[in-house]
Amino acid sequence: MTNSKVLINITNLSKIYHTGGTQTKALKGIDLTISQGDYVTIQGPSGGGKSTLLSIIGLLDKATSGEYQISDVAVTKLSESQMAKVRNREIGFIFQDFNLIGDMTVSQNVELPLIYRGIDKATRKEKVAQVLNRVNMTERAHHLPNELSGGQQQRVAVARALVGSPTLLLADEPTGNLDSVNGDSVMQLLSDLNEQGVTICMVTHDSRYAHFAKRTVNLFDGMVISNTVNIKQDKAGQHKAEQNKAEQIKPEQDNDKGNQQDVAELIPSKIQAGV
Ligand code: ADP
Ligand code: MG
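Description of the structure in this document. Please read these numbers as outputs of a predicted model, since none were measured by experiment.

Along the chain, the position of I16 falls in strand 1 (residues 6-19). It is 7.1 Å that separates the C-alpha atoms of I16 and L27, two residues lying 11 residues apart in sequence. In contact with I16, not counting residues within four places along its chain, are Q23, T24, K25 and T64.

Pasting the structure below:
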């Protein structure tokens, strides 16, 4: 356990979708805290509620019930426009499909959130240069997204998410559209950023990447079934054993409810986080 400041505090959060007379309970009483400097991965089989939870944390969607505080602000009590302001200031989002604007250059894509915030041109230029340097994309500043590899595009998306110095960086399957070389490099980048102090919450079904994080939360059927602190992120034998074990988890399949047993069995016997 760390004594760092709590940034995200979620209590008994539920989400019900209503579609054409059908009710889907996507989240059922989630409790979760994320502290400053944390790196949390949310894992679990398809349909378990991972994206729903991340959208709510990122203020892209609203919970049906429960409490959610971000930096001590009770988000559930905010109006839509207040929520948009908090989202703009506090959250950086990275998506599986990068979501870059195709006819804008790398610099222009990264600059966009600063334009929305009404930041002056000179400051924008300086911040864009800094953040492109941070993700090692300075040389590609004037390229268009389709002139870049998938991994490079995701680096640009990371830069765009970071340019406004958000409190929290959220990523939903950021390596989902990448080959393993590009995926590894994006994961290394996120890991480096976390070491520099960026707080990260990432959804992934790729258990190979769980060990990059400090903590793993397993979601199944809308519930947190485990919340474990990952063993030291180095090449120590113990850690490697855990990693090998995690790799045995089957790839995600839709409607694969039978995975519960597998996931439960393979959760490494790590120190319980006790949040
Ligand atoms: P995951 O990201 O873990 O695959 P999701 O959060 O996308 O899971 O989905 C959780 C459950 O909520 C699933 O049963 C899914 O079908 C349902 N769901 C997700 N989004 C919607 C939506 N917009 N409308 C209705 N049901 C949804
Ligand atoms: Mg999802």
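Now, onward.
Let's shift gears to the sheet that holds strand 9 (residues 215-220). What the six strands build is an open sheet, ordered 6-7-8-3-9-10; its pairing is mixed. Strands with a single pairing partner mark the edges of an open sheet, and in this sheet they are strand 6 (91-94) and strand 10 (223-229). Sheet twist, expressed as the mean angle between neighbouring strand axes with direction ignored, is 15 degrees. Along the sheet, helix 5 (residues 150-162) contacts strand 6 and strand 7 (168-172); its crossing angle with strand 6, the most-contacted strand, is approximately 165 degrees.

A few words on helix 1 (residues 50-57). For an α-helix the count is 3.6 residues per turn, leaving residues at separations of three or four pointing the same way. Among the eight residues in helix 1, six count as buried, and that is most of the element. At the exit of helix 1 stands L59, carrying a positive phi of roughly 60 degrees.

Moving on, we get to the site of ligand 1. For ligand 1, the full set of nearby residues is Y17, T19, T24, A26, S46, G47, G48, G49, K50, S51 and T52. Listed by contribution, the elements that provide at least two residues to the shell around ligand 1 are strand 1, strand 2 (22-35) and helix 1. Broken down by element, the shell around ligand 1 gets its largest block of residues, three residues, from helix 1.

Our focus in this paragraph is the pairing of strand 10. Here strand 9 pairs with strand 10 via six bridges, running antiparallel. Bridge assignment links F220 to a residue of strand 10, and that residue is M223. Connecting strand 9 to the antiparallel partner strand 10 that follows it, the hairpin turn spans two residues, and D221 within it adopts a positive phi of roughly 50 degrees.

Definitions and limits used
- Residues numbered from 1 in each chain as written.
- Chains lettered and ligands numbered in written order.
- Predicted model: local features only at pLDDT ≥ 70, side-chain atom pairs only at ≥ 80, totals over all residues.
- Helix = DSSP H or I, 4+ residues; strand = E, 2+ residues; numbered from the N terminus.
- Contact = placed C-beta atoms within 7 Å.
- Pairing = 2+ DSSP bridges.
- Axes fitted to C-alpha atoms, helices over the stretch in contact; angles between N-to-C directions.
- Buried ≥ 20, exposed ≤ 12 C-beta atoms within 10 Å, placed from the backbone.
- Near = placed C-beta within 6 Å.

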